[in-house]
Amino acid sequence: MNATSFEELQDQVEPALKSKTEEFHFLGYESVTSKEIWDCVIQKAQKKKVEVRLHVLVGLILNLSLTDFMNWLTLEAYKRDVK
């Protein structure tokens, strides 16, 4: 794996995060935040052991579906309730 971590790329992918957040807001999900999208994408990328590259991360963000995001959000809510 590269010396670069996902967190080091966060500032560079901010425009993609903003775009995805605006897309979800446009679809009626105004409470969605860029941080939630970031957390979702990073968790999925780490699970799949995705290569840490800028273009890969931007692709993951822009290709995130509302369904996948809502599934992730629901699972995170359950995890918080269990703790």
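Everything that follows concerns the structure shown earlier in this document.
A short tour of the structure in this document, coming up. The model shown is predicted, which means the values in this text are computed figures rather than measured ones. Chains are numbered independently. Their residues run from 1 in the order of the written sequence. Local features in this predicted model are restricted to residues of pLDDT 70 or higher, and side-chain atom pairs are both shown and tallied only at a pLDDT of 80 or more, whereas totals for entire chains, interfaces and linings draw on every residue. For the side-chain quantities, the full set of heavy atoms in the structure was used; hydrogens and water were omitted.

To continue, consider the pattern of salt bridges. Any two side chains of opposite charge can pair, given that their charged atoms come close. Throughout this description, the term salt bridge denotes a Lys or Arg side-chain nitrogen within 4 Å of a carboxyl oxygen of Asp or Glu. Scanning the entire structure with this criterion turns up five salt bridges. Of the charged contacts in the structure, one is a salt bridge between Arg53 and Glu51, with a shortest N-O distance of 2.6 Å. Look at Arg53 and you get partly exposed, because its relative accessible area is 38%. Each residue's exposure class comes from its accessible area (1.4 Å probe, protein chains only) as a fraction of the maximum for that residue type: buried when under 20%, exposed when over 50%, partly exposed otherwise.

With that settled, consider the packing of aromatic side chains. The description of an aromatic ring pair uses the distance of the two centres, along with the angle that the planes make with each other. We call Phe, Tyr and Trp rings a pair once their centres come within 6.5 Å, taking the six-membered ring for Trp, and we label the pair stacked below 30 degrees between planes, edge-to-face above 60, and tilted otherwise. Overall, the coordinates contain two aromatic pairs when judged by the stated rule. Where Phe24 meets Phe69, the ring centres are 5.4 Å apart and the plane angle is 40°; that geometry is what we call tilted. Here the residue Phe24 occupies a position in helix H2 (residues 14-26), and Phe69 occupies one in helix H5 (residues 66-82), the gap between them amounting to 45 residues. Here the two residues Phe24 and Phe69 agree in accessibility, since each one is buried. Aromatic rings pair up to connect Phe24, Phe69 and Trp72 into one cluster. In DSSP terms, a helix is any run of H or I states spanning at least four residues, a strand is any run of E spanning at least two, and both are numbered starting from the N terminus.

A separate point is the side chain of Lys20. In this fold, Lys20 is placed in helix H2. Note on definitions: a residue-residue contact is assigned when non-hydrogen atoms from the two residues lie within 4.5 Å. Other than its neighbours up to four places away in sequence, Lys20 contacts Ile37, Ile61, Leu62 and Leu64.

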